[in-house]
Amino acid sequence: PLTTLLDRAKELGYPTGIAVTCQVNHAPRAAFVAHADSRQSYDSIADQYVDLRIKDKPKVDLILGGGQEYFVRKDRNLVKEFEALGYSYEADFKDLDKIKKLPALGLFSKMGMEPALESKYPLRLADMTKKSLELLSKNNKPFLLMLEASQIDWCGHANDIACAMGEMRDMAAAMALIKNFIDQHPNTIFVATA
């Protein structure tokens with residue numbers, strides 16, 4: 001029952017967001033939102049994106065990535081629950097630009113998104129970063145955004161250097177957007193880790 005950085009941001013009234021290239025309820029991004037005794041508790045972690053609230057609202061205002069199969073299940077349709085709470089929803093990455101305001105949910109694949117090398121959108125993390133910064137900074141309030149170039153790890157596990165280079169290219173493009181944002185908003189704290 002530890003308070004996370006995202007919890008604290010939400011308690012302070014900051015908009016919060018997560019944008020990743022794997023499923024949004026996969027570790028480590030889930031550790032910002034949920035509390036589970038196993039990283040494989042995917043359905044339970046997905047449920048907590050709706051169920052765990054601060055000030056009667058879900059903790060995350062913007063959720064972008066993959067994971068449809070965990071959010072639309074036979075036993076529960078979390079997308080409908082998010083929509084009932086006022087979230088807009090997009091299920092196809094080509095519709096990312098249709099997301100105009102918070103709160104919003106974009107689940108663009110059943111599991112993780114297509115690898116950058118195989119994708120029509122090889123800079124999908126960069127595109128989600130741009131959209132996230134646009135939406136979360138709209139009101140000039142502090143915000144918390146957790147981004148992850150998730151599939152660099154997956155490519156490493158597969159010992160696939162071409163795959164990893166495609167993912168790192170996407171991450172580099174996202175980092176350039178973040179650097180540009182920081183240049184325009186110098187009171188930004190940015191933490192990058194591997």
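A brief look at the structure comes next. (Residues numbered from 1 in each chain as written. Predicted model: local features only at pLDDT ≥ 70, side-chain atom pairs only at ≥ 80, totals over all residues. Heavy atoms only, no water.)

## Examining the pairing of strand β4 (residues 62-66)
Piece 1. Taking burial as the measure, the five residues of β4 include five buried ones, the bulk of the element.
Piece 2. In the sheet, strand β1 (residues 16-23) pairs with β4 via four bridges, with the strands oriented parallel. Paired with A19 across the strands is L64, a residue of β4.
Piece 3. Both β4 and strand β6 (residues 104-107) contribute to a ladder of four bridges, which runs parallel. Within the sheet, the bridge partner assigned to G65 lies in β6 and is L107. (Buried < 20%, exposed > 50% of the residue type's maximum accessible area, 1.4 Å probe, protein only. Helix = DSSP H or I, 4+ residues; strand = E, 2+ residues; numbered from the N terminus. Pairing = 2+ DSSP bridges.)

## A closer look at the sheet that holds strand β5 (residues 88-90)
Piece 1. Taking strand neighbours across the sheet as the criterion, the five strands line up as β5-β6-β4-β1-β7 in an open arrangement whose pairing is parallel. At either end of the open sheet lies a strand with only one pairing partner, and these are β5 and β7 (144-148). Sheet twist, expressed as the mean angle between neighbouring strand axes with direction ignored, is 5°.
Piece 2. Strands in contact with helix α6 (residues 124-136) are β1, β4 and β7; relative to β1, the strand with the most contacts, it is inclined by about 170°. (Axes fitted to C-alpha atoms, helices over the stretch in contact; angles between N-to-C directions. Contact = heavy atoms within 4.5 Å.)

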